[in-house]
Amino acid sequence: MALKSAPFFSGILGAGGCFKVNPQNGKTYIEADEIYIRLKAVFDTLEIRHSTHVGGQQILSPAGMTCIRVEEYDTCYRCFMKADDGSKAIQNLFAENDQAQCRDINVKEGIYENVSNQYYWRLVVGVGDDYIDLSKDDCDTGSTVPAAGDNICQLGNRLYKERQNAIVISSYGSDSPSFKQYAGIDSYSLEGREVTVLSPSGNELSGKLHIQPGSTGWQSLDGLPEGIKEAADSAISGIEFGKNNLLRNSGFTGDYQTANLNSDTSLDETSELYSPSLKYWDVVNAVAQESEISMSGKEVVIKSGSMTQVLFYRIISGESYIFSFYGKGTSVTFSCGGYAETIPLTDEYKRYICRFRTLSAGSILSIHSATGSFCELQLERGTVPSSWGASMMDNTSELAHYQELEYLASAIKDGSVDILGGLVLANILQLGNYKDGRMHKVTAGISGIYNNDDDVFAFGGGTLEQAISTVAKYKDNPSYQPTDEELNSIAKIVFTHGGRTILNDVVLRGYIYALGGVFSGKVSIADGKILLNEDGTGHLADGKLSWDLDGLSVTGAIQTPYREWVIDQSSKYTLDIDKHRYVFVYYRKPIYNKDYISRINLPDVVEGRNGSEIRIFTSHERFTQDTEPVYIQYGLPIWFPGYNYYKDPPLRTLLLKGKEAVFRCMSFGGAVGWWLQNYNDFTAEELNPVEFEPWN
């Protein structure tokens with residue numbers, strides 16, 4: 001229960017009043033500004049609180065003291081503290097190699113003798129139970145001599161990181177009020193040591209920042225990854241994150257293959273016979289060279305020249321793309337998909353990001369009228385750029401080799417193996433043909449080295465290098481289909497730390513639970529009773545329902561709310577129709593050949609159907625033209641009262657070309673039959689235009 005005034009704020013600077021009961025222990029609580037008691041007040045315990053003033057700033061650090069006297073020695077000042085006042089003993093928390101600071105700057109000088117502002121920041125060179133020794137020589141510029149009455153605090157340490165931290169709360173200064181955290185104080189300077197600042201002038205936070213749901217104002221955050229804020233601000237559903245680099249050899253490292261030579265190949269002293277740096281690029285006045293800036297270690301320098309690449313994947317007209325690169329120089333013009341843009345450059349390397357929408361389809365990216373140095377070129381489809389990466393079409397086998405060496409070097413240099421009973425702790429475990437103290441061939445292994453989700457966890461049927469190469473091939477394209485030659489050069493089984501599994505063959509005896517799937521070849525289920533072929537053909541129900549590239553075939557019955565189709569093994573079609581139902585006839589091919597005629601068997605002609613009507617027509621536009629007419633072959637089953645047989649008159653044909661045939665069950669002279677009701681709607685050419693042989 002609580003009774004509060006509005007508004008109510010608790011604390012010494014609060015407002016309003018409050019009376020409440022703690023539901024957990026039943027204690028009551030009253031908070032008010034003034035209480036007037038006329039007769040008597042009884043307090044079992046009375047605690048008086050008052051607001052105090054701390055001028056300047058407070059420093060929270062591992063140690064502090066008030067100096068009561070100072071003794072001077074040849075190399076230091078010994079500052080004593082009051083370690084015991086008769087009621088309590090105080091522990092000296094200073095340590096050697098601490099930095100001790102005194103900062104008293106609000107003393108009015110010239111009023112009292114031997115009183116002045118104090119500032120010094122000195123190294124602690126000795127520590128006793130009730131004193132510290134402050135160095136005379138190792139101190140900050142302008143440090144004064146310690147004196148009795150100084151308030152000294154620890155602020156930094158030369159050796160130990162755990163004593164290099166401090167919190168400063170300040171009520172004055174240009175950015176006051178402020179709360180600041182410092183870390184790594186190991187000299188007489190706080191520059192670059194601020195890790196957290198809370199101030200009306202601006203806040204700075206380092207480390208993890210957890211923002212609760214419902215928080216607002218993220219748009220004001222600075223330092224978001226380039227492009228993310230812009231994309232989020234747009235708040236549109238068409239946001240696409242760039243992923244795959246469409247440029248091959250964008251790092252100018254070549255394809256790690258030996259050049260193919262023939263009798264027409266001309267060579268000079270600049271020819272590269274292994275992994276040409278400008279593979280896939282047609283260049284004018286451009287050369288590749290080593291680079292300390294590029295992630296690939298290579299850059300290209302262009303002097304009033306150009307670079308052109310024929311893309312492996314064609315550019316789609318009207319789509320969003322991003323062209324990005326690191327560069328410096330004068331300017332560069334690029335064009336792609338009918339779009340062109342000139343970009344001015346600076347003398348310093350920086351990343352340039354160009355978003356554009358293509359105006360036409362194409363397969364060329366051109367960099368021309370260029371003067372400068374360029375690296376990490378990337379062309380990707382989307383609206384939000386990603387960091388540079390090699391194309392999935394690039395040969396990454398050599399990169400996988402170096403990554404394997406990096407893993408092994410790390411495991412040898414920094415790793416160790418501990419065996420605790422049945423527990424083995426290690427970085428990498430490699431298995432294979434190990435004999436006579438020598439690993440002849442690695443065929444499997446487990447790696448505990450984890451930098452990101454694409455790192456190999458376990459592999460088999462190959463080396464660690466081959467496992468890394470396998471992950472690289474499928475990283476951005478899970479549907480990648482390796483060639484037979486590639487299958488011999490990659491690991492057969494790979495598991496990554498991110499959970500991706502790459503296997504050559506899978507045999508499962510249990511269930512598969514998945515959100516979806518992509519199959520690139522033939523799929524057979526239940527011993528072929530369900531079959532899906534790579535070309536799109538297949539069948540269900542052990543062939544009862546099948547389809548090919550021409551159409552659908554059904555054997556058996558298909559029940560619908562309105563009618564029943566019965567299709568026999570000879571593919572002669574029968575349709576039994578209830579009265580007043582319409583039949584839409586769709587034919588895939590012209591049926592002037594009798595092999596493609598579909599037979600429509602009208603319902604039994606009994607007296608109860610007298611007056612019933614059936615309409616047959618085609619609504620598909622292709623069959624309303626002269627080139628692909630639709631013919632209907634029909635007979636008139638006649639029922640005679642008292643006889644249990646049909647008399648079939650000669651078969652007739654009817655041409656449907658955007659028209660409708662209406663059959664009505666009618667009685668003539670005691671006989672009931674189906675008759676073409678709207679024969680007047682058809683011309684003489686459309687009535688019985690073709691003579692067909694009757695079905696057997």
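Up top you'll find the structure we're talking about.
A few points on the structure. (Residues numbered from 1 in each chain as written. Predicted model: local features only at pLDDT ≥ 70, side-chain atom pairs only at ≥ 80, totals over all residues. Heavy atoms only, no water.)

**Structural notes on the sheet that holds strand β26 (residues 501-503)**
Note on sheets: strands pair through backbone hydrogen bonds, and any given pair is parallel or antiparallel. Reading across the sheet, the five strands line up as β22-β23-β24-β25-β26 and stay open at both edges, with antiparallel pairing between neighbours. Among the strands making up the open sheet, the edge pair consists of β22 (428-435) and β26. On average, each strand axis in the sheet is inclined to that of its neighbour by 20°, with strand direction left out of account. Examined bridge by bridge, strand β23 (residues 438-447) and strand β24 (residues 456-460) share three bridges and lie antiparallel to one another. Note on β24: the bridge partner recorded for A444 is G460. (Pairing = 2+ DSSP bridges. Helix = DSSP H or I, 4+ residues; strand = E, 2+ residues; numbered from the N terminus. Axes fitted to C-alpha atoms, helices over the stretch in contact; angles between N-to-C directions.)

**Some remarks on the sheet that holds strand β13 (residues 194-198)**
Spatially, four strands are ordered β4-β11-β12-β13 in an open sheet, and the strand pairing comes out antiparallel. Unpaired on one side and paired on the other, β4 (57-60) and β13 mark the two borders of the sheet. On average, adjacent strands in this sheet sit at an angle of 15° to one another, irrespective of strand direction. Direction of pairing for β4 relative to strand β11 (residues 166-170): antiparallel, over a ladder of four bridges. Bridging from a neighbouring strand, Q57 pairs with S170 of β11.

**Structural notes on the nonpolar core**
Membership of the largest hydrophobic core comes to 28 residues, with the highest contact counts inside it found for F323, F325, L365, F374, L377 and L379. For this core, the elements supplying multiple residues, two or more each, are β15 (298-315), β16 (320-336), β18 (350-357) and β19 (362-381). Other than its neighbours up to four places away in sequence, L377 contacts N245, L247, S250, F252, W281, F323, S324, F325, I367 and W388. Counting residues in each nonpolar core, the second largest holds 13 residues, with C67, M81, Y120 and I152 among its members. (Core = buried A, V, L, I, M, F, W, Y, C linked by side-chain atoms within 4.5 Å. Buried < 20%, exposed > 50% of the residue type's maximum accessible area, 1.4 Å probe, protein only. Contact = heavy atoms within 4.5 Å.)

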